[in-house]
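# Working through the structure, step by step
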Amino acid sequence: MEYISTRGNAPVLDFEGATLAGLASDGGLYVPREWPRFSKDEIAALAGLPYAELAAKVMAPFVGESLSYERLLELTTAAYGRFSHAAVTPLKQLDEQQWLLELFHGPTLAFKDVALQLLGLLFEEFLGRESKNGGPQNLTIVGATSGDTGSAAIDAVAGRAKVDIFMLHPKGRVSDVQRRQMTTVLAPNVYNIAIEGSFDDAQAMVKRIFNDKAVTDRFNIGAVNSINWARLMAQVVYYFAAALQLGAPHREVAFSVPTGNFGDVFAGYVAAQMGLPIARLIVATNVNDILHRALSTGDYSAGTVTPTAAPSMDIQVSSNFERLLFDVGGRDGVALAEQMAGFEANKAMTLTNAQREGAAALFVSARADADEMAQAIRWGWEAAGELLDPHTAIGIHAARNAGIDASTPVVTLATAHPAKFPDAVERSTGHRPGLPERVGDLFEREERYAELPGDYDAVCAYVTQRATAKA
Ligand SMILES: *Cc1c(COP(=O)(O)O)cnc(C)c1O
């Protein structure tokens, strides 16, 4: 399997190379040259497999020659062995049509664990091998987090040899649980940075580091954000897991996905390209609704970010949307590079007709404001006895209002455990969700993090003074 950049001007890489590279050198994102496709019979044969085995089977075509099937299965078995539920991503019924896919049974209580627990193991595997072959000896991970990526990535790489991680979070804009899950990890290879500004500002800074030749000449910079293809690949698996339980390949299923950076829902698009019968992908946003506007009117223009009770969706620039625009726009890297340069200059662009029509074939979108989110939390509690976190509630709001045919099951991805956002849940239901035992004494532990201004030179200096340089 070969990986190409959405902007058409970066080296073609195999899976190992794309995993270690993160962002492509032309500023684009890596995508498989073509989508692997499963026949109906092949999909039917996946029903009932244990999650780790399903994961290895779904991912094997993307991994190509980079890992043997046996080794891949060892890694998925190790990664998903750390989840607290035997099903890894259990499916729950809420009413006759609505279902919940619980993705928060990993160590840091959000769906990001599903991909990052595996990515940590892939880094270790590939770096060990590359250093033998004269490739990169170590990796400096630089990431920005709206809360959940940071904790999941830190948990996945803390204490691992050959990897340093620098994680930027927007100061004061992540929940206490989210912050503590990052800042109480005191392993010497973990550097947390609270930075002034919004998540988008932090993410822009990370992108700049990736494109700063003075940095990339000295360090192997790696990504754990969903610009890293391996993350999306791992997320494709649970679409299969859920749809198979609801009758795929013989029955269509719709998914509602609380969306920020468009990574999770793009994994659903990939599952559909592979042959999974997905009726609709519902892109659920909060008031930071650039994706809702882009999908409903073609207007992809970034407003200012409004902080909400669902901080992991407080995003105006959705990196992975570029992957969709590339695929539905005819896979023309040169044209897309021009379009994205226009967006970067003007913070606005209009989708082409081909992009709009291509997206409309599968995606619909919906937006929930603060009241609608609170109502959805209440509905979950009163109608189904489930405490929903604010992100998941936005997905439920969209799922119940998307006009999906009553005969099609709608699965909302439950992206975070309610205890990660206890205040919003308590306000709507009167019930305060307790932290599961596996997170232990989070509020007693010592925190450690740097505070930096929203200034590129300050961040760059902080990273380069502490990271391990290329050998
Ligand atoms: C990251 C995150 C999202 C958004 O996912 P994307 O892949 O960025 O679209 C939604 N909900 C929660 C809880 C998250 O952590």
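Residues numbered from 1 in each chain as written. Predicted model: local features only at pLDDT ≥ 70, side-chain atom pairs only at ≥ 80, totals over all residues. Heavy atoms only, no water.

Turning our eyes to something else, we now look at the nonpolar core. Core analysis: the largest hydrophobic core is formed by 109 residues, its most contacted members being Tyr239, Phe240, Phe255 and Phe363. Of the residues forming this core, the biggest block, 14 residues, is contributed by helix H10 (residues 229-245). Setting aside chain neighbours within four positions, we find Tyr239 in contact with Phe255, Val257, Asp264, Val265, Ala267, Gly268, Ala271, Leu276, Ile278, Leu281 and Leu413. Counting residues in each nonpolar core, the second largest holds 29 residues, with Val142, Phe210, Val463 and Ala467 among its members. (Core = buried A, V, L, I, M, F, W, Y, C linked by side-chain atoms within 4.5 Å. Buried < 20%, exposed > 50% of the residue type's maximum accessible area, 1.4 Å probe, protein only. Helix = DSSP H or I, 4+ residues; strand = E, 2+ residues; numbered from the N terminus. Contact = heavy atoms within 4.5 Å.)

For the rest of this paragraph, the subject is the environment of Thr429. Note that Thr429 resides in helix H18 (residues 422-429). Once the C-alpha coordinates of Thr429 and Val317 are considered, the two residues, 112 residues apart in sequence, prove to be 32 Å apart. In this view, Thr429 contacts Ile377, Trp381 and Leu387; residues no more than four positions away in its chain are not counted. Reaching out from Thr429, the side chain makes a polar contact with the backbone nitrogen of His431 at a distance of 3.0 Å. (Polar contact = N/O pair within 3.5 Å; in protein donor to acceptor, adjacent residues only side chain to side chain.)

Around the ligand, the structure places 15 residues, and the nearest of them are Lys112, Asp148, Gly260, Asn261 and Asp264. The separation between an oxygen atom of the ligand and a polar main-chain atom of Gly260 is 2.8 Å. Expressed as a share of its isolated accessible area of 390 Å², the protein-covered part of the ligand is 98%. Applying the majority rule of atoms within 2 Å of the grid points places the ligand in the largest cavity. Of the residues belonging to the shell around the ligand, the class tally is 5 nonpolar, 7 polar and 3 charged. (Near = heavy atom within 4 Å. Areas by Shrake-Rupley, 256 points an atom, 1.4 Å probe, with all protein chains shown as cover. 1 Å grid on protein atoms, 1.4 Å probe; cavity = no way out; pocket = protein on both sides within 12 Å on 5 of 7 lines; lining within 4 Å. Sits in = over half its atoms within 2 Å of the grid points. Nonpolar A, V, L, I, M, F, W, Y, C, P; charged D, E, K, R; others polar.)

What follows is about the sheet that holds strand S6 (residues 163-170). Within a sheet, neighbouring strands are paired by backbone hydrogen bonds and run either parallel or antiparallel to one another. Spatially, the 5 strands line up as an open sheet ordered S8-S5-S6-S7-S15, and their pairing is parallel. Edge positions in the open sheet fall to strand S8 (221-222) and strand S15 (450-452), since each of these has one partner strand only. Where S6 meets strand S7 (residues 190-195), 6 bridges bridge the pair, whose relative direction is parallel. Bridge pairing links Met167 to Asn192 in S7. (Pairing = 2+ DSSP bridges.)

Right, let's talk about the UniProt feature "domain: Tryptophan synthase beta chain-like PALP" (unreviewed entry) in the chain for a bit. UniProt records the feature "domain: Tryptophan synthase beta chain-like PALP" (unreviewed entry) for residues 88-339 in the present numbering. Taken end to end, residues 88-339 is 42% helix and 19% strand, and its two terminal C-alpha atoms sit 40 Å from one another. (UniProt positions renumbered as here; feature names shortened; annotations may be inferred.)

Each aromatic ring pair is described using two quantities: the centre-to-centre distance and the angle formed by the ring planes. Summed over all chains, the structure comprises 19 aromatic pairs. Ring centres of Tyr3 and Phe15 lie 6.3 Å apart, and the angle between their planes is 50°; on these two criteria the pair is classed as tilted. Of the two residues, Tyr3 sits in strand S1 (residues 3-5) while Phe15 sits in helix H1 (residues 15-21), which places them 12 residues apart along the sequence. A residue is classified by how much of its surface remains accessible, and Tyr3, at 0% relative accessible area, is buried. Ring geometry for Phe166 versus Tyr191: centroids 4.4 Å apart, planes at 5°, classification stacked. Taken together, the positions of Phe166 in strand S6 and Tyr191 in strand S7 put the pair 25 residues apart, joining distant regions of the chain. There is no split in this pair, since Phe166 and Tyr191 are both buried. (Phe/Tyr/Trp six-rings, centres within 6.5 Å; stacked < 30°, edge-to-face > 60°.)

The full count for this structure, using the stated rule, is 26 salt bridges. Ionic pairing is found between Glu125 and Arg129, a salt bridge with its closest N-O pair at 3.7 Å. You can see Glu125 and its partner Arg129 sitting in helix H5 (residues 112-132), 4 residues apart, about one turn around the helix. For Glu125, a relative accessible area of 18% puts it in the buried group. (Salt bridge = Lys/Arg side-chain N within 4 Å of Asp/Glu carboxyl O.)

Across the 8 residues of S6, 8 count as buried, placing the element largely inside the fold. Every second residue of S6 is oriented toward a common face, with Val163, Ile165, Met167 and His169 on one face and Asp164, Phe166, Leu168 and Pro170 on the other, all of them buried. Where strand S5 (residues 139-144) meets S6, 6 bridges bridge the pair, whose relative direction is parallel. Considered in S6, the bridge of Gly143 is made with Met167. In terms of handedness, the path from S5 via helix H6 (residues 148-157) over to S6 forms a crossover that is right-handed. Following the backbone out of S6, through helix H7 (residues 176-183) and into the adjacent parallel S7, one traces a crossover that is right-handed. (Right-handed = clockwise from strand over helix to strand, strands pointing away.)

Let us look at the sheet that holds strand S13 (residues 363-367). If you walk across this open sheet you meet the 6 strands as S3-S4-S14-S9-S10-S13, and the pairing is mixed. Whereas interior strands pair on both sides, the edge strands pair on one side only; in this sheet they are strand S3 (91-93) and S13. Adjacent strand axes in the sheet meet at a mean angle of 25°, parallel and antiparallel pairs treated alike. Sheet analysis places S3 next to strand S4 (residues 98-102), joined by 3 bridges and oriented antiparallel. In the sheet register, Leu91 faces S4, and the bridge partner there is Leu101. In the packing of helix H17 (residues 390-401) onto the sheet, the strands contacted are S4, strand S9 (253-258), strand S10 (278-285), S13 and strand S14 (410-414), and the crossing angle to S14 comes to about 165°. (Axes fitted to C-alpha atoms, helices over the stretch in contact; angles between N-to-C directions.)

In terms of burial, H10 is largely enclosed, as 16 of its 17 residues are buried. N-capping of H10 is provided by Asn228, with a side-chain oxygen placed 3.0 Å from the backbone N of Ala230.

A few words on the pairing of S7. When you tally the buried positions in S7, you get 6 out of 6 residues, the bulk of the element. Every second residue of S7 is oriented toward a common face, with Val190, Asn192 and Ala194 on one face and Tyr191, Ile193 and Ile195 on the other, all of them buried. Pairing between S7 and S15: 3 bridges, direction parallel. Residue pairing in the sheet places Ile193 in a bridge with Ala450 of S15.

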